[in-house]
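Tertiary structure, described
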Amino acid sequence: MDWITTVDHKKIAILYLWAGGFFFGIGGLEAILIRIQLIKPMNTFLDAQTFNELITMHGTTMIFLGVMPVIFALMNAIIPLQIGARDVAFPFLNALGFWTFLFGGLLLNLSWVMGGAPDAGWTAYTPLSSTTYSATHGVDFYTIGLQIAGLGTLIGGINFLATIITMRAPGMSYMRMPMFAWATFITSAIILFAFPAITVGLVLLTFDRILGANFFNPETGGNPVLWQHIFWIFGHPEVYILILPAFGIISEVIPTFSRKRLFGYSSMVFATLLIAFLGFMVWAHHMFTTGLGPVANALFSVSTMLIAVPTGIKIFNWLFTMWGGQVRFTTPNLFAVGFIPTFTMGGVTGVMLASAPADFQFHDTYFVVAHFHYVIVGGLVLGLFAGLHYWWPKMFGRMLSETLGKWTFWTFIIGFHLTFFVQHFLGLMGMQRRVFTYLPNQQFDTLNLVSTVGAGLMGVGMLIFLWNIYITSRKPADAADDPWEDGRTLEWTISSPPPEYNFKQTPLVRGIDAFWKEKLAGHQAMTPSEPVGSIHMPSATLLPFLMSVGIFIAGLGFMFSRDTFGSDVLGFLFNNYIVTGLGLVITFGSMLLRSLFDDHGWHIEPEELEGR
Amino acid sequence: MMKTWQAGKRLLPMTAALGLILAGCGREDLSVLRPQGPAAESSFDLMKLAITIMVAVLLVVFTIAAYVLIRFRRKPGQREVPEQVEGNFKLEVIWTVIPLILVVILAVPTVKAVFAAGNDHADDPDAVKVKVTGHQYWWEFEYTDYGVKTAQDLVIPAGKDIAFELRTADVLHSFWVPSLSGKIDTNPDGTVNRFSFSAPNEGVYRGKCAELCGPSHGFMEFKVKSVSEAEFEQWLASMKAPAVLPEDPQLAETFRSACLRCHAVGDQGLAVGPDLTGFGSRESVAGILLNDDTGADGAPILENLQTWLHDPESVKPGNTMPDPKADLGLTDEEIDGIAEYLSGLTLE
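Summarised in this report is the structure supplied together with it. (Residues numbered from 1 in each chain as written. Chains lettered and ligands numbered in written order. Predicted model: local features only at pLDDT ≥ 70, side-chain atom pairs only at ≥ 80, totals over all residues. Heavy atoms only, no water.)

The helix and strand tally for chain A stands at 20 helices and two strands. The C-alpha atoms of chain A give a radius of gyration of 24 Å, which matches the 25 Å a tight globule of 612 residues would have. Over its C-alpha atoms, taken along the principal directions, chain A stretches across nearly 70 × 60 × 50 Å. Split into buried and exposed, the 612 residues of chain A put 65% on the buried side. In chain A, the share of contacts with a sequence separation of at least 24, taken over all contacts with a separation of at least 6, comes to 82%. Accessible area of chain A: about 20100 Å², with a carbon and sulfur share of 70%. (Helix = DSSP H or I, 4+ residues; strand = E, 2+ residues; numbered from the N terminus. Rg over C-alpha atoms; globule rule 2.2 N^0.38 Å. Buried < 20%, exposed > 50% of the residue type's maximum accessible area, 1.4 Å probe, protein only. Contact = heavy atoms within 4.5 Å. Areas by Shrake-Rupley, 256 points an atom, 1.4 Å probe, with all protein chains shown as cover.)

Shown next as structure tokens:
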């Protein structure tokens, strides 16, 4: 119950981590099944329909329900601590964001047991995703599930924006903010501008499918290419929503374990901003083969290539952060230094893809599959591993085993390169993506086998990580406040895990890497910027959970509103929108309760603070 | 611009070396890395340039990374705090400007090639015009100037420009012959695409659908047969010859009532489904059962036809052909008879 009603950012972070980890596991299992099917030509392990459902759900689950929540977990756990705040700006909304994400994700995955998962690819291109060509409810689960989950992301993004803008500790100007906080800030801004696009797209597709609208139906004047524009105007910035937090994590881990401040801090900030800005200009590079014409193709080619410049700045700044430092190979830092070459490989293939005439060959082949897995797995997932190992003691008060961590790193990264490096060649040799099998004697066989073996090795790496978490959780929570000894930012100045109120006294920030600066000055702790006083805390509440349950019920009701049921009662309830209405009543009723009854929260008094 | 060109020239030896290595990859009739026509060659040239630049960048990054990781490891007993460097304006400018130059080196030929690839021979009287229509899961090729329609095997005269007009009859597909040209999507009417390629060398090339289009997306293959001008003329002539139906009148009637309701043979039947004229000369049955009498890469056409007709769903899941046995009520003998007839339906 405590977990369902909590509004504490640290607990919500843990909820995000477990839920994200759960969906990540599902997505990983789907990946393994896909790779088993492709282990040899003309394999009959899976049938074509199931395979298409698996690739659709693997992509959708990993992007929206796997990595995003883990990113949100780290942001929630760390951002208030890093900027010296006692919580996020809107704790109630924070909880609401988590619950809508979870119920959206559950709704999407219910499709596996309720008559067919979505099968039109994670991009859901119309007309394949229309009711004519995808007759099960699969794509409805996709549109409505993602809509609900997307609400959570948008709420979370706005919350982080407000938090970072208004709740930084005294002295922490923007240009003294840790890079992870900067990355979170800019990521949240991208979410704010990109998610409305997918929201609109999903509404239009839902209306096409459930209410018989014709936005994307060519026979009645709709345009399927319109969906591609809407999808990628969201979809390309989404890539940066994923990778910028990883950049932020790497920018925290590398300085800590090099015992040096980040090289070129201001150019890092500038590069991050520029990447976010350019990220909105380049969506049509996903559509070179759609037939946009040479002018559009040339413009989007060049603008896409430009992203290499700020990204290059970042890579070299990281390398030169280590230059002249004292590099320690702890597990988080192994992942961080493994990230640099791996991500660079994903970046350079991105520039290759940007060249439209070459992309006519690369597009929709395994070359693209290799490219974006280098970016998302080789970039983001390695970044998340670095971040999780790095901040685990702060989140849970326990150090993960270093030995097992190193095993995780080596099995995972070797498995990763085995899986995806060969896929570049598969694509160039003529293997298109999203094929459930392939004819023999096309020289695809060996490389596919290697790829599948690699995927298995990545799976082993994940299992070692889970084992590490399991045995760590059985040990006493005795991590030091600053367990890596060279912590540079504010989160390392308080106990591990932090008390409910984070900072007894809000610290005074005197420069970049505030804690490191104090250490160099010979201080053991931060100088407080306020006397010890009464701390205001928000009350726990069940309402966010109830609101999300309501939306979940309304979504299910809407989806089945046109179905014929075997039972009259069910038919009556669904066809007259009674179920939808019930869900909406729960949600809006909860909102009404929230509006009518003022909850002033509670206080922790100074005596209590001193007593602990 | 002069400097850019010089930098590009310096990359040439590496480009050549990479070209040699990559050219060993894959089948000649399938691989992007072994281009067999000018369109694919232009893409391949850009790829070589891009790969060269990118390998150079990777080498620099890997070298610095390796050096840093070896040279600046923390040694046991190292206690003193390393110097805290804020940054270095000159260095940061260098790694902003160099990538910019590299981008320009790649962007200039890219833009050139983009406009070159936009060339469209729709108005060229010398070009062979072909209307391509993508269907779940087969390809229809209509030679508008000659009034000939065929499916799955695109026969073209070697060396001539082929002007394509592409559309889809259902969902989006993407038309791709890797060794001849990059791909282009087939969209519904209103967003019809045009492009062109040519195949200077005679031969058979493997084509694929590159856009997810349903369960049998992976099986939506086709072949491009590049033949001599004379052979092409002859092919056109025999495609237009009047249809020959099965000799056995009973089988002919079955064929007419069961198959010709969707398919066409010459001037007979409806071409809603794939046109069957000259079926015995095709490279494959259903695009994926390769006709090969030696049995090395497939099976003889008769065997393939039997496999297909006895259970089309198991060969190509989700296809719209009715099951000859269950839906059309044909007996095994009738199916085998039709298979035999179709496999004998060769062109001169």
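So, on to the pairing of strand 7 (residues 181-186) of chain B. All names here are of chain B. For strand 7, the buried fraction is high: six of the six residues fall into the buried class. In this sheet, strand 7 lies alongside strand 6 (residues 173-177) in antiparallel orientation, the contact comprising four bridges. Bridged to Ser174 within strand 7 is Asp185. Two successive antiparallel strands, strand 6 and strand 7, enclose a turn made up of three residues. (Pairing = 2+ DSSP bridges.)

Attention shifts here to the interface of chain B and chain A. At the junction of the two partners, chain B supplies 87 residues and chain A supplies 94 residues. Together chain B and chain A conceal approximately 7600 Å² of surface at their shared face, both sides included; 70% is due to carbon and sulfur atoms. The largest per-residue losses of area from chain B upon contact with chain A belong to Arg74(B), Trp95(B) and Leu212(B), which jointly make up 10% of the total buried on that side. One can count one salt bridge joining chain B with chain A. Across the salt bridge formed by Asp486(A) and Arg74(B), the nearest N and O atoms sit 3.7 Å from each other. Our enumeration of links across chain B and chain A arrives at 31 residue pairs in polar contact (both at pLDDT 80 or more). Elements that contribute at least two residues to the side of chain B that touches chain A include exactly helix 3 (38-71), helix 4 (89-117), strand 7 and strand 9 (203-209) of chain B. Sorting elements by how many residues they give to the side of chain B that touches chain A places helix 3 of chain B first, with 17 residues. Its residues assigned to classes, the side of chain B that touches chain A comprises 53 nonpolar, 18 polar and 16 charged. (Buried area = accessible area lost by both parts, 1.4 Å probe. Salt bridge = Lys/Arg side-chain N within 4 Å of Asp/Glu carboxyl O. Polar contact = N/O pair within 3.5 Å; in protein donor to acceptor, adjacent residues only side chain to side chain. Nonpolar A, V, L, I, M, F, W, Y, C, P; charged D, E, K, R; others polar.)

This next bit is on unusual backbone geometry. Cis peptide bonds are those with omega within 30 degrees of zero, and the linkage from Thr126(A) to Pro127(A) qualifies with 0°. Take Pro127(A): it is sitting in the loop between helix 4 (91-110) and helix 5 (138-166). The omega torsion of the bond from Gln136(B) to Tyr137(B) falls at -5°, within 30 degrees of zero and hence cis. With respect to the helices, strands and loops of the structure, Tyr137(B) is situated in the loop between strand 1 (128-135) and strand 2 (138-143). A positive phi is found at Met42(A), a non-glycine position, where the angle reads about 50°. On the secondary structure map, Met42(A) appears in the loop between helix 2 (9-37) and helix 3 (48-82). Positive phi, normally seen in glycine, also occurs at Arg434(A), with a value near 60°. Look at Arg434(A) and you get buried, because its relative accessible area is 10%.

Any functional reading would require information that these geometric values do not contain.
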